[in-house]
Amino acid sequence: MLVEEVMKTEVISLKADETIETALKLLNDHHIRHIPIVDEHNHVIGIVSDRDVRDASPSVFQIEQDKEALQNKLESIMSSPVITAHPLDFVEEIASIFYEHEIACVPVTKANKLVGIITEKDMLYTMIQLTGVNVQSSQIEIKVIDKPGIFPEVTAVLGRRKTNITSVLIYPYQPDSTYKVLVFRLQTMNPMPVIEDLKLAGYEVLWPNMPGMEQ
Amino acid sequence: MAKYAGDGTMTCKAAFVYSEEFRTYRFRDDHPFNQLRVTLAYELLQSIGSITEQDLIPPRMATEEELLLVHEKPYVDAIKKASSGSLSEEEGYEFGVGTEDTPMFNGMHEASSLLVGGTLSAVDAVLQDKVDHALNLGGGLHHGFQRKASGFCIYNDGAVAIQYIREHYQAKVLYIDTDAHHGDGVQWAFYDDPNVCTLSVHETGRYLFPGTGNVNERGIKEGYGYSFNIPVDAFTEDESFMHVYETAFRKVTEYFKPDVIITQNGADAHVLDPLTHLCCTSKLYEFIPKLAHNLAHEYCDGKWIALGGGGYDIWRVVPRAWAQIWNIMAHDKPAEGDIPKDWLDKWQPKAPVQLPSSWHDHQGLYKEIPRKAEITEKNEKVLEKAMQFIQLKHNLPK
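Residues numbered from 1 in each chain as written. Chains lettered and ligands numbered in written order. Predicted model: local features only at pLDDT ≥ 70, side-chain atom pairs only at ≥ 80, totals over all residues. Heavy atoms only, no water.

Taking an unreviewed UniProt entry as the reference, chain A is identified by name as Acetoin utilization protein AcuB belonging to Pontibacillus salipaludis.

Caption draft 1: Main features of the interface of chain A and chain B. With 25 residues of chain A at the interface, the matching set in chain B holds 34 residues. Taken together, the two surfaces of chain A and chain B that pack against each other cover about 2,300 Å², and 56% of this comes from carbon and sulfur. The tally of links between chain A and chain B comes to zero salt bridges. Our count for the chain A to chain B interface comes out at ten residue pairs in polar contact (both at pLDDT 80 or more). Examining the composition of the side of chain A that touches chain B, we find that three residues originate from one element, strand β6 (residues 138–145) of chain A, more than from any other. Class assignment for the residues of the side of chain A that touches chain B results in ten nonpolar, ten polar and five charged. (Contact = heavy atoms within 4.5 Å. Buried area = accessible area lost by both parts, 1.4 Å probe. Salt bridge = Lys/Arg side-chain N within 4 Å of Asp/Glu carboxyl O. Polar contact = N/O pair within 3.5 Å; in protein donor to acceptor, adjacent residues only side chain to side chain. Helix = DSSP H or I, 4+ residues; strand = E, 2+ residues; numbered from the N terminus. Nonpolar A, V, L, I, M, F, W, Y, C, P; charged D, E, K, R; others polar.)

Caption draft 2: Here's a closer look at the nonpolar core. Residues Ile230, Phe241 and Phe249 of chain B are the most contacted members of the largest nonpolar core, which totals 129 residues. The greatest single-element share of this core, amounting to eleven residues, is contributed by helix α5 (residues 108–127) of chain B. Residues within four places of Phe249 of chain B in sequence aside, it is in contact with Leu174, Ile176, Leu199, Ile261, Leu291, Ala292 and Leu295 of chain B. Among the nonpolar cores identified, the runner-up in size contains 17 residues, and Ile142, Val144, Val194 and Tyr203 of chain A belong to it. (Core = buried A, V, L, I, M, F, W, Y, C linked by side-chain atoms within 4.5 Å. Buried < 20%, exposed > 50% of the residue type's maximum accessible area, 1.4 Å probe, protein only.)

Caption draft 3: Summary view of the pattern of salt bridges. Residue and element names in this part refer to chain A. According to the stated counting rule, one finds 26 salt bridges over all chains in the structure shown. Across the pair Asp50 and Arg54 runs a salt bridge, and its minimum N-O distance is 3.8 Å. With a gap of four residues between them, Asp50 and Arg54 both fall in helix α3 (residues 50–56), about one helical turn apart. With relative accessibility at 25%, the residue Asp50 sits in the partly exposed group. Look at Arg54 and you get exposed, because its relative accessible area is 53%.

Caption draft 4: Geometry of the sheet that holds strand β9 (residues 204–206) of chain A. All names here are of chain A. An order of β7-β8-β6-β9 is seen for the four strands of this open sheet, with the pairing classed as antiparallel. Two strands in the sheet have a free side with no partner beyond their single neighbour: β7 (165–172) and β9. Ignoring which end each strand starts from, the neighbouring axes of this sheet average 25° apart. Taken together, the eight bridges between β6 and strand β8 (residues 179–186) define a ladder with antiparallel strand orientation. (Pairing = 2+ DSSP bridges. Axes fitted to C-alpha atoms, helices over the stretch in contact; angles between N-to-C directions.)

Caption draft 5: Looking closely at unusual backbone geometry. Here the residue pair Ser80 of chain A and Pro81 of chain A is connected by a cis peptide bond, since its omega of -5° sits within 30 degrees of zero. Among the secondary structure elements, Pro81 of chain A is positioned in the loop between α3 and α4 (91–101). The peptide bond linking Phe209 of chain B to Pro210 of chain B adopts the cis configuration, its omega dihedral lying at -5°. Summarising the element assignment, Pro210 of chain B is placed in the loop between β5 (196–203) and β6 (227–232). We note that His31 of chain A has phi near 50°; this positive angle belongs to a residue other than glycine. Among the secondary structure elements, His31 of chain A is positioned in the loop between α2 (20–30) and β2 (34–38). Accessibility expressed as a relative area gives 73% for His31 of chain A, which makes it exposed. Unusually for a residue other than glycine, Asp129 of chain B sits at a positive phi of about 60°. Mapped onto the elements, Asp129 of chain B comes out in the loop between α5 and β3 (133–136).

Caption draft 6: Structural view of helix α6 (residues 150–160) of chain A. Residues and elements named next belong to chain A. Those residues of α6 that fall on the buried side of the exposure criterion are Ile150, Val154, Val157 and Leu158. With its buried residues spanning 100° around the axis, α6 presents them on a single face. Phi turns positive, to about 50°, at Lys162, one or two residues after α6. (Arc of directions from axis to C-beta.)

Caption draft 7: A look at the UniProt feature "domain: CBS" (unreviewed entry) in chain A. Mapped onto the present numbering, the UniProt feature "domain: CBS" (unreviewed entry) falls at residues 7–68 and 78–137 of chain A. For residues 78–137 of chain A, the end-to-end C-alpha separation is 45 Å, with 38% helix and 22% strand making up the annotated structure. (UniProt positions renumbered as here; feature names shortened; annotations may be inferred.)

Caption draft 8: Region of the structure containing a nonpolar patch on the surface. All names here are of chain A. A grouping of Phe151, Ile165, Val168 and Ile170 is seen on the molecular surface, where their side chains present a nonpolar patch of about 290 Å² in accessible area. In terms of residue count, the dominant contributor to the nonpolar patch is β7 (three residues). Structurally, Val168 is set in strand β7. For Val168, a relative accessible area of 33% corresponds to the partly exposed category. (Patch = residues over 30% accessible without salt bridge, like charges linked within 9 Å, V, L, I, M, F, W, Y side chains within 5 Å. Areas by Shrake-Rupley, 256 points an atom, 1.4 Å probe, with all protein chains shown as cover.)

Caption draft 9: Highlighting the sheet that holds β5 of chain B. All names here are of chain B. Strand order in the open sheet formed by eight strands is β2-β1-β3-β8-β7-β4-β5-β6, and the pairing between neighbours is parallel. Two strands lie at the open edges of the sheet, namely β2 (56–57) and β6, each paired on one side alone. As defined by bridge partners, strand β1 (residues 14–17) adjoins β3 across three bridges and the pair is classed as parallel. Paired with Ala15 across the bridge in β3 is Ala134. The strands touched by α5 are β1, β2, β3, β7 (260–264) and β8 (304–307); relative to β3, the strand with the most contacts, the crossing angle is about 175°. The strands touched by helix α9 (residues 282–300) within the sheet are β3, β7 and β8, with β7 carrying the most contacts at an inclination of about 165°.

Caption draft 10: Local environment of the packing of α4 of chain A against helix α5 (residues 120–131) of chain A. All names here are of chain A. Relative to each other, α4 and α5 sit at 130°, their axes nearing to 11 Å. Here α4 lies oblique to α5, going by the angle between them. Considering how the two elements wind past one another, α4 and α5 form a crossing that is left-handed. Between α4 and α5, the contacting residues are Val91, Ile94, Ala95 and Phe98 on the first element and Glu120, Met123, Thr126 and Met127 on the second. Its residues assigned to classes, the contact of α4 with α5 shows six nonpolar, one polar and one charged. (Parallel < 35°, antiparallel > 145°, perpendicular 65-115°, else oblique. Left-handed = near helix turned anticlockwise from the far one by under 90°.)

Caption draft 11: Molecular detail of the pairing of strand β4 (residues 173–177) of chain B. Residue and element names in this part refer to chain B. Buried residues dominate β4, accounting for five of its five residues. Of the two faces of β4, the one holding Val173, Tyr175 and Asp177 and the one holding Leu174 and Ile176 are both buried throughout. Looking at chain direction, β4 and β5 are connected through five bridges and run parallel. The partner of Tyr175 across the bridge, within β5, is Thr198. Regarding the hand of the β-α-β motif, the stretch spanning β4, helix α7 (residues 184–189) and β5 is right-handed. Relative to β7, β4 runs parallel, the two sharing five bridges. Looking at β7, one finds that Tyr175 is bridged to Ile262. (Right-handed = clockwise from strand over helix to strand, strands pointing away.)

Here you go:
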């Protein structure tokens, strides 16, 4: 899945010479946590997060005295340079960026211009879609030997029962690395016939899969 | 009305919606959804002398106008076409019919309309004060969507009935769903409606269809805080299920103050049910209607409509579980002791399994659950989370 399919394209951005107060208001009004800072060519030159703004805001105990702190320019607190993504990047790559750099948002640029933004929340939403839990379905898990050709054998069993597949995940089987666990979400309320067929074909079906329980 | 005593001393006026025609709702011979269950429950009640012909009311056909209270016209049209065998497989796909779960069958529109009509007959009997309570075991098809059939359900009789109550009686409706599967169709139909409160206690959707019913599904817009979900863990047993059900049902009733209660009484949380992974027994199926009966008298002047629902061990589980709803509804007391011989003699030859000899399940029906303590604790946490919203509202200064 590509970043351009997931990113938000209506991006709220500010110029570097605008004030912290402006940023604070935008963050609150729009319930957002990041504002990319752009120059006159719409190139991303920095980013401010709600935490940057809060750190630069006066303490609630001294709100009157320190009001001028809010008049400082954003360039004084913005992070720079900025890690950005391209619309043709893969969503998985963005997940790695979030994890490795411990950040929660990247602006998306094309020909150096700001075209979108993708946040941790968008990322999680996409992951939820990928697991298929948002569609009516039943989940079954099948323990299989980790070797080529197994997957089509399993899906052929599902196909014979005209069972539509909502999503598929493949996990390593922790106790024994020669096995994998295939996780299917199936569009049926009655997975019993499929489970029977799979067992007849010699597969181990973990349904439901709870450690310490016999199947 | 006299204060409800709950000790078997009170006889309520109740109606049982029944017709042999319910069995026309039939997908395929080997399909797990089998309305023979209703007949089995009815005949079991007859043979213990708990029901007479005077208790019966016939289901009526729901009109198209009534179906459209919840369903969209193109969907009803598609079901009508499927009913006469003129809907192609390709066309059916969009509407969720022609799948393994909900195959097309001749007369499916009429058969489904009768189930909905049965629930409407029950509603009218109760809300026109002809009876205190009414039971339609042919209904409770809670997975039907606005324009999609799913999970063995075509038209959603519960949802149609609730909307019908809203329009004809302007009453506030509390819908309680104890089917092992999440009551998604009814929940989504009233997700933004503050006059309809839904509470579903079900097996977690991690494995089980439909996968929804998470504790954080609480409604939207004006309906926020009027949807409650308690997903219990696989292998949950009687005690834990009864505890979360009772706590949640009481709190939600007190908070919402309904005018009428509708219960969906799916009987598939039983350990013998082939489709689910819960480990409950006949004990649960006495407790569920008892509490509903109790609270209906306490808060709604008795107004209670009970529906059927899931239940796929149609021989050993459903007849007893559903008969007890009636026993409690009409006589304030569950049946006890042996299952009558005439019922066993009639049905045992047709059953592929040994029929139960007693109303109560025997100890040792299943092997001990090794992680019982953890499961119970987890369910308790989920209950707390689900009730947080009420707690929060409660503590606010008025």
